[in-house]
Amino acid sequence: MKYQADPKPPASGVKVCSRCKVEKPISEFSNDKTFKTGLYSHCKDCCKKANRDRKIEILTHYSGGNPACGCCGETELDFLTIDHVNDDGAAHRKELGGAGTTVYNWIIRNNFPAGFAVLCWNCNCARWRFGTCPHQRARDKASAPRAGDESTAPVAVLSPSS
């Protein structure tokens, strides 16, 4: 990546966003030394919208239509994230050199590969911290046979000498 030796922002203090085509104060643009002006070409509002649209596209894909946590069913977009199902997220983020939009861009460039799922932040963090989410543990406990059930009651086996 080529960096400008001494990027110079516009002397007028304003710049036109390359997406929305609106002239805005330079404070509305993030710094980026790869551009001649030292400022990103899109305004912060357009970047936020593009990032959100990208996130929705990915969450929709990995949710099979409607973005929702695969564990608890949470649907609030701000609470949802992508989970590396093979627990290799840290290594993947390190390999890519970033998280968030860096991972989302990689997913899109690689045509939505397998190995990802949608989880809410609570379920994702619990899975990382405890190995499983409390929702999953509750489901496992609810589906486990209970003591006293006929299916689990001990069977008396009589020996021939009795």
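Above this note sits the structure.
Now for a description of the structure that goes with this document. (Residues numbered from 1 in each chain as written. Predicted model: local features only at pLDDT ≥ 70, side-chain atom pairs only at ≥ 80, totals over all residues. Heavy atoms only, no water.)

## Notes on helix α4 (residues 121-130)
For an α-helix, 3.6 residues make a turn, and residues three or four places apart therefore share a direction.
Logical step 1: Along α4, the residues classified as buried are C123, N124 and A126. Taken down its axis, α4 places every buried residue within 165 degrees of arc, on the same side. Facing away from the buried side of α4 by over 90 degrees, the exposed positions are N122, W128 and R129.
Logical step 2: In the core, the buried residues of α4 are packed alongside β5 (80-84), β6 (116-120) and α5 (134-143).
Logical step 3: At the exit of α4 stands G131, carrying a positive phi of roughly 90 degrees. (Buried < 20%, exposed > 50% of the residue type's maximum accessible area, 1.4 Å probe, protein only. Helix = DSSP H or I, 4+ residues; strand = E, 2+ residues; numbered from the N terminus. Arc of directions from axis to C-beta. Contact = heavy atoms within 4.5 Å.)

## Details of the environment of D87
Logical step 1: One can find D87 in the loop between β5 and α2 (89-96).
Logical step 2: Here D87 falls in the exposed class, since its relative accessible area comes to 62%.
Logical step 3: Between the C-alpha atoms of D87 and G115, which are 28 residues apart in sequence, the distance is 9.4 Å.
Logical step 4: Looking at D87, its side chain comes within polar contact range of the side chain of R127, at 3.1 Å. (Polar contact = N/O pair within 3.5 Å; in protein donor to acceptor, adjacent residues only side chain to side chain.)

## Details of the packing of helix α1 (residues 44-63) against helix α3 (residues 101-109)
Logical step 1: Contact pair α1 / α3: the axes reach a minimum separation of 10 Å and the direction vectors enclose 55 degrees. Here α1 is positioned oblique relative to α3, judged by the angle of their axes. As α1 runs across α3, the sense of the crossing is left-handed. Contacts between α1 and α3 involve N51, R54, K55, E57, I58 and Y62 from the former and T101, Y104, N105, I107 and I108 from the latter. (Axes fitted to C-alpha atoms, helices over the stretch in contact; angles between N-to-C directions. Parallel < 35°, antiparallel > 145°, perpendicular 65-115°, else oblique. Left-handed = near helix turned anticlockwise from the far one by under 90°.)

## Things to note about the side chain of K55
Logical step 1: Of note, K55 is situated in helix α1.
Logical step 2: Buried and without a salt bridge, K55 has D78 as its closest oppositely charged side chain, separated by 5.3 Å. (Lys, Arg positive; Asp, Glu negative; His and termini not counted. Salt bridge = Lys/Arg side-chain N within 4 Å of Asp/Glu carboxyl O.)

So, to be careful, I would describe these as geometric facts and stop short of saying anything about function.
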